[in-house]
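Listed here are the chains, written in short residue letters.
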Amino acid sequence: MKIGIIGGGQLGLMIAQAAKELGHIIYSLDSNDECPIKSVTDYHIVAAFDDVNAINELIKISDVVTYEFENIILDKIIDSEKKIIQGLKALKISQNRLLEKDTIAKMNIKTPKYTSFEMKKKMKYPSIVKSKTGGYDGKNQYIIKSDQDIDRIQIDNPENYIIEEYINFDYEISVLCTRDIFNTTVVFPIPINHHKNGILFTSIVDGSIPKEIIDKAVEKSRTIVEKLDYVGTMAIEYFVVGNDILFNEFAPRPHNSGHYTIEACNVSQFHNHVLAITGNPIIEPILVHKSIMLNILGQNLCYIKNSYNYDEAYLHLYGKKEYNNNRKIGHITIIAENNLSILDEITKE
Ligand code: ADP
Ligand code: MG
């Protein structure tokens, strides 16, 4: 099939790599003519993500279209032949944190307490202010500990923000799951995610999450993908507090915390995504190896060299032209089994 991919960054690249292995043709769209997907795409359209004509053109020439990020202007997209198999419902909801949390709360799934920024008086401190739209990697977020902090933060338009309870969580997890057009949902082994400065640092799958938490996370995640009538791979983030789990956010696409699946599972989040959106049955994921996924940011180039010392470290560089600070330029999956010390060795400065 001809698969159109909106966005040519690392997620677009890895979707395209999986699609190529499955024999598909790739048409991509990105504002950058030198983006990662260029190394595998068959035809690349250079256009801004708000260029509705270009996106409609991509839809027209492709058999099926997918995307690597949520911030796509949906109003004028013409999908009369329903080529965006993922559907636009989950995408639209994920574009607005308030709508997203309202939708999930209506499913009787617990979230941190939240409200629109205008209603901030209802919130106790500490709390966290987040932009409703366009946030990623902790951008446009402010931790608030006092009234003074609220006065100090510089936000353009209060209508564009929510405020939520700051959760002193034990740890964070994400559930990667894929649903196909036959209403089968499969769930990948669940990683524990560590962030640094709001950016994912590691995702660790080592079998340490209690069964009770896994069962709750799987059940809630199945409810979410099914109620959203979503097809494809989705990531759902939760905070774990004692025996409770609280929904944080979902991404209706493959996700950074699921990169470990490429080497550590019998099927990757990208393969299952491609299988689902091309109307094929998906594969039940099995963990073959315990693993650690480590992100490489522009300032972490030493991780690359350090990783050469370990056969257990699988390096992925995305071919980005600029290695800026805090920009994800690659990742390393360490097939750790029981050897977590390799992570310390690779991240030695
Ligand atoms: P993004 O879209 O940037 O990933 P998130 O809402 O996931 O936004 O926030 C990024 C990170 O910030 C989270 O993974 C978590 O570590 C921290 N964080 C977000 N919301 C809260 C909260 N309510 N309480 C505590 N930490 C939070
Ligand atoms: Mg997040």
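Here the residue index of a chain counts from 1 through its sequence in written order. Labels follow written order: the first chain is A, the first ligand is 1, and so on. Note on the predicted model: pLDDT of at least 70 is required for a residue's local features to be given, and 80 or more for side-chain atom pairs to be given and counted; whole-chain, interface and lining totals, by contrast, use all residues. Note: side-chain values were computed over all heavy atoms of the structure, leaving out hydrogens and water.

(A) Seen up close, the sheet that holds strand E2 (residues 25-30). Two strands pair if DSSP finds at least two bridges between them. Counting from the N terminus, the helices are DSSP H or I runs at least four residues long and the strands are E runs at least two residues long. Read across the sheet, four strands follow the order E3-E2-E1-E4 without closing on themselves; strand pairing throughout is parallel. The strands lining the two open edges of the sheet, one partner per strand, are strand E3 (43-46) and strand E4 (64-67). Adjacent strand axes in the sheet meet at a mean angle of 20° when their direction is disregarded. As paired strands, strand E1 (residues 2-6) and E2 are joined by five bridges and run parallel to one another. Bridge pairing in E2 links Ile6 to Leu29. To get an axis, fit a line to the C-alpha atoms, keeping to the stretch in contact for a helix; angles then go from 0 to 180 degrees between the N-to-C directions.

(B) Structural detail: the site of ligand 1. The environment of ligand 1 is made up of 19 residues, and the closest members are Lys130, Gly138, Ile167, Glu172 and Asn248. Side-chain polar atom of Glu172 to an oxygen atom of ligand 1: 2.6 Å apart, as the coordinates give it. The definition of a polar contact used here is a pair of N or O atoms within 3.5 Å, where within protein one atom must be able to donate a hydrogen and the other to accept one, and adjacent residues in sequence count solely through side-chain atom pairs. Between ligand 1 and Glu249, the relevant distance is 2.9 Å, taken from an oxygen atom to a side-chain nitrogen or oxygen of the residue. Here ligand 1 loses 91% of its free accessible area of 540 Å² to cover by the protein chains. Neighbouring residues are identified by heavy atoms, a residue being near a molecule or strand if any of them is within 4 Å of it. Residue-level accessible areas treat just the shown protein chains as cover; the underlying method is Shrake-Rupley with a 1.4 Å probe.

(C) Structural detail: the pattern of salt bridges. Basic side-chain nitrogens of Lys or Arg form a salt bridge, by our definition, when they fall within 4 Å of a carboxyl oxygen of Asp or Glu. Under the defined criterion, the tally for this structure stands at 14 salt bridges. Glu57 is the salt-bridge partner of Lys60, the closest N and O atoms lying 3.9 Å from each other. Placement of both Lys60 and Glu57 in helix H2 (residues 52-61) is noted, with a separation of three residues, approximately one turn of the helix. Partly exposed residues are those whose accessible area sits between 20% and 50% of the maximum for their type, while under 20% is buried and over 50% is exposed, using a 1.4 Å probe and protein chains only. On the accessibility criterion, Lys60 (63% relative accessible area) is exposed.

(D) Broad picture of the packing of aromatic side chains. For Phe, Tyr and Trp, where Trp contributes only its six-membered ring, two rings pair if their centres lie within 6.5 Å, and the inter-plane angle classes them as stacked under 30 degrees, edge-to-face over 60, or tilted in between. Under the criterion given, the structure shown has five aromatic pairs. When the ring of Tyr238 is compared with that of Phe247, the centres are 6.4 Å apart and the planes differ by 80°; the resulting orientation is edge-to-face. The interplanar angle of 55° and the centroid separation of 6.4 Å between the aromatic rings of Phe247 and Phe250 together place this pair among those described as tilted. Phe250 sits in the buried class, given a relative accessible area of 2%. One aromatic cluster is present, formed by Tyr238, Phe247 and Phe250 through successive ring pairs. The lysine or arginine in question, Lys196, covers the ring of Phe201, its NZ or CZ lying 4.0 Å from the ring centre. Either the NZ atom of lysine or the CZ atom of arginine qualifies as a charge over a ring when it sits within 6 Å of the ring centre and within 35 degrees of the ring normal.

(E) The arrangement of the nonpolar core in detail. For the purposes of this section, nonpolar cores are sets of buried Ala, Val, Leu, Ile, Met, Phe, Trp, Tyr and Cys residues that join through side-chain atoms within 4.5 Å. Of all hydrophobic cores here, the largest spans 43 residues; its most connected members are Ile173, Ile224, Leu228, Met234 and Phe250. Setting aside anything within four residues of it in sequence, one finds Phe250 in contact with Glu70, Ala90, Ile93, Ser94, Glu100, Ile104, Leu228, Met234, Ala235 and Ile236. Counting residues in each nonpolar core, the second largest holds 18 residues, with Leu11, Phe270, Val274 and Tyr318 among its members. Whether two residues are in contact is decided by their heavy atoms, any of which lying within 4.5 Å being enough.

(F) Quick look at the state of the cysteines. For the purposes of this analysis, a disulfide is any pair of cysteine sulfur atoms at a distance within 2.5 Å. Inspection of the entire model under this criterion finds zero disulfides. With no disulfide of its own, Cys265 lies closest to Cys177 among cysteine sulfurs, the gap being 13 Å.

(G) Highlighting the packing of helix H1 (residues 10-21) against helix H8 (residues 269-277). Between H1 and H8, whose axes approach to 8 Å, the crossing angle comes to 65°. For the element pair H1 / H8, the angle class is roughly perpendicular. Relative to H8, the crossing made by H1 is right-handed. Across the interface between the two elements, Leu11, Met14, Ile15, Ala18, Ala19 and Glu21 from H1 touch Phe270, His271, His273 and Val274 from H8. Following the grouping adopted for this structure description, the nonpolar residues are Ala, Val, Leu, Ile, Met, Phe, Trp, Tyr, Cys and Pro, the charged ones are Asp, Glu, Lys and Arg, and the polar ones are all others, Gly among them. Looking at the contact of H1 with H8, its residues break down into seven nonpolar, two polar and one charged. Any angle that falls under 35 degrees is termed roughly parallel, while one over 145 is termed roughly antiparallel, one within 65 to 115 roughly perpendicular, and all others oblique. Note: crossing handedness is left-handed where the near helix turns anticlockwise from the far helix by less than a right angle, and right-handed where it turns clockwise.

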